[in-house]
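Inside the fold
These are the residues of each chain, in order.
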Amino acid sequence: MTVSLDTAADRTPAAPRVVLITGAARRIGRALALGFAARGWDVAVHYGASREEADEVVAEIAALGRRAVALHAELSDEAQVERLLPACTEALGRPVCIVNNASRFEEDTAHNVGYELLLKLTAMNLGAPLVLARMLYEATPEAARSDESQRTVVINVLDQKLYNMNPDYLSYTLSKAALQTATVALAQALAPKVRVVGLAPGLTMQSADQTEDGFAAAHRVTPLGRASRPEDIVAAALYLADAAGVTGTTLVVDGGQHLVPLPRDVMFLTGA
């Protein structure tokens, strides 16, 4: 018996494929967009308020020899979300992968939680991924039931804190916990046409309310001495996009951050 030693993440697709990435204009989303393009994908770059940055990402992808388009939508608005996949299909072709990367991250606790923020974060962090998954299923050919090559995939970006719970950022955490559960439920409901997987990063990029020293200190609070880096998240997403035997599970990519119990979010413990 001959065993191939290559992996899905090492293979460049023979024909161009299209990926739609939400929140792809900045930060991890930008890294994902450029990473998929470098691997031979054409990329729909969704953005909310960052039009200039989205156009820059599109230009960078074009410089890599791939096609790209910037698509605007407010992810809290269902009607706008429903226009994303048709717009992507019109510009680039039908997507075979959706990366639900965009999320809203605002601070609240059990002592000030209320409907307004909870519903706002739930609409964006949970509602948009659910609608996009449904639409991808509807767009995936029925032949995908028997032809594995025509199947599609949804990658939901989660958070390592779901495996290392603390009470900070309560509404955000609840919305991501619901998306984690939805990942399993959707994997069951949409199979075999669509695979649905989760990707849970750790602390990856410095936030606006962190000092450089605070971020560096937080990044080291892991068994590996560093949390996830953008290139780690890109490599994991590319693997999941091609991992034909993986569905309904989450890959935690955080340098082991979730293995270090903390009573509060790591940002509060490092001078944020």
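Residues numbered from 1 in each chain as written. Predicted model: local features only at pLDDT ≥ 70, side-chain atom pairs only at ≥ 80, totals over all residues. Heavy atoms only, no water.

The chain appears in an unreviewed UniProt entry as SDR family oxidoreductase from Paraburkholderia ginsengisoli. Note on the chain: under the UniProt heading Sequence similarities (unreviewed entry), the record states "Belongs to the short-chain dehydrogenases/reductases (SDR) family." (UniProt positions renumbered as here; feature names shortened; annotations may be inferred.)

What the chain contains, in helices and strands, is eight helices and seven strands. Burial analysis of the chain (272 residues in total) assigns 49% to the buried set. Partitioning the intrachain contacts of the chain with sequence separation of at least 6 by distance along the chain shows that 74% fall at a separation of at least 24. Carbon and sulfur atoms make up 55% of the accessible area of the chain, which totals about 12500 Å². (Helix = DSSP H or I, 4+ residues; strand = E, 2+ residues; numbered from the N terminus. Buried < 20%, exposed > 50% of the residue type's maximum accessible area, 1.4 Å probe, protein only. Contact = heavy atoms within 4.5 Å. Areas by Shrake-Rupley, 256 points an atom, 1.4 Å probe, with all protein chains shown as cover.)

Turning to the pairing of strand E2 (residues 41-47), a few remarks are in order. Within E2, seven of the seven residues are buried, which leaves the element mostly enclosed by the surrounding structure. Residues of E2 alternate between two faces, with Trp41, Val43, Val45 and Tyr47 on one and Asp42, Ala44 and His46 on the opposite face, all of them buried. Considered for its hand, the β-α-β crossover made up of E2, helix H2 (residues 51-63) and strand E3 (residues 68-72) is right-handed. (Right-handed = clockwise from strand over helix to strand, strands pointing away.)

On to the sheet that holds strand E6 (residues 194-201). Spatially, the seven strands line up as an open sheet ordered E3-E2-E1-E4-E5-E6-E7, and their pairing is parallel. Only two strands of the sheet have a single partner each, and these edge strands are E3 and strand E7 (250-253). The sheet shows a mean angle of 20° between the axes of neighbouring strands, direction not considered. Where strand E5 (residues 152-157) meets E6, six bridges bridge the pair, whose relative direction is parallel. If you follow Val157 over to E6, its bridge partner there is Leu199. (Pairing = 2+ DSSP bridges. Axes fitted to C-alpha atoms, helices over the stretch in contact; angles between N-to-C directions.)

Right, let's talk about the pattern of salt bridges for a bit. Per the stated rule, a full pass over the model turns up twelve salt bridges. As a salt-bridge pair, Asp55 and Arg51 come within 3.0 Å of each other at their nearest N and O atoms. Of this pair, Asp55 and Arg51 both sit in helix H2, separated by four residues, roughly a single helical turn. Overall, Asp55 belongs to the partly exposed group, its relative accessible area being 34%. Judged by its relative accessible area of 45%, Arg51 is partly exposed. Salt bridges linked by common partners bring Asp42, Arg66 and Arg67 together as one network. (Salt bridge = Lys/Arg side-chain N within 4 Å of Asp/Glu carboxyl O.)

As a further point, take the environment of Glu52. You can see Glu52 is positioned in helix H2. Note: C-alpha distance between Glu52 and Ala70 (18 residues apart in sequence) is 9.8 Å.

Turning our eyes to something else, we now look at the side chain of Ser171. Among the structural elements, Ser171 can be located in helix H6 (residues 170-190). A distance of 2.6 Å separates the side chain of Ser171 from the side chain of Asp108, its partner in a polar contact. If near-sequence neighbours (up to four positions away) are discounted, Ser171 is found in contact with Asp108, Val113, Leu117, Leu118 and Leu121. (Polar contact = N/O pair within 3.5 Å; in protein donor to acceptor, adjacent residues only side chain to side chain.)

Turning next to the packing of aromatic side chains. With the rule as written, the count across this model stands at three aromatic pairs. Grouped by ring-pair contacts, the aromatic residues Phe105, Tyr169 and Tyr172 constitute a single cluster. (Phe/Tyr/Trp six-rings, centres within 6.5 Å; stacked < 30°, edge-to-face > 60°.)

At the junction of Ala191 and Pro192, the peptide bond is cis and its omega measures out at 0° in the coordinates. Looking at where Pro192 falls in the secondary structure, it is placed in the loop between H6 and E6. Despite not being glycine, Arg27 has its phi angle at roughly 55°, a positive value. As for its placement among the helices and strands, Arg27 is situated in helix H1 (residues 27-38). Here Arg27 falls in the partly exposed class, since its relative accessible area comes to 37%. Despite not being glycine, Tyr169 has its phi angle at roughly 55°, a positive value. Position of Tyr169 among the secondary structure elements: in the loop between E5 and H6.

One finds Ile21, Leu32, Phe36, Val43, Cys97, Val99 and Ile155 to be the most contacted residues of the largest nonpolar core, which totals 37 residues. If you list the elements that add at least two residues to this core, you get strand E1 (17-21), H1, E2, H2, strand E4 (97-100), E5, E6 and helix H8 (230-242). If we ignore the near neighbours within four places in the chain, the residues touching Cys97 are Val18, Val19, Leu20, Phe36, Trp41, Val153, Ile155 and Ala241. Counting 33 residues, the second-largest nonpolar core is a separate cluster that includes Cys88, Ala102, Ala128 and Val154. (Core = buried A, V, L, I, M, F, W, Y, C linked by side-chain atoms within 4.5 Å.)

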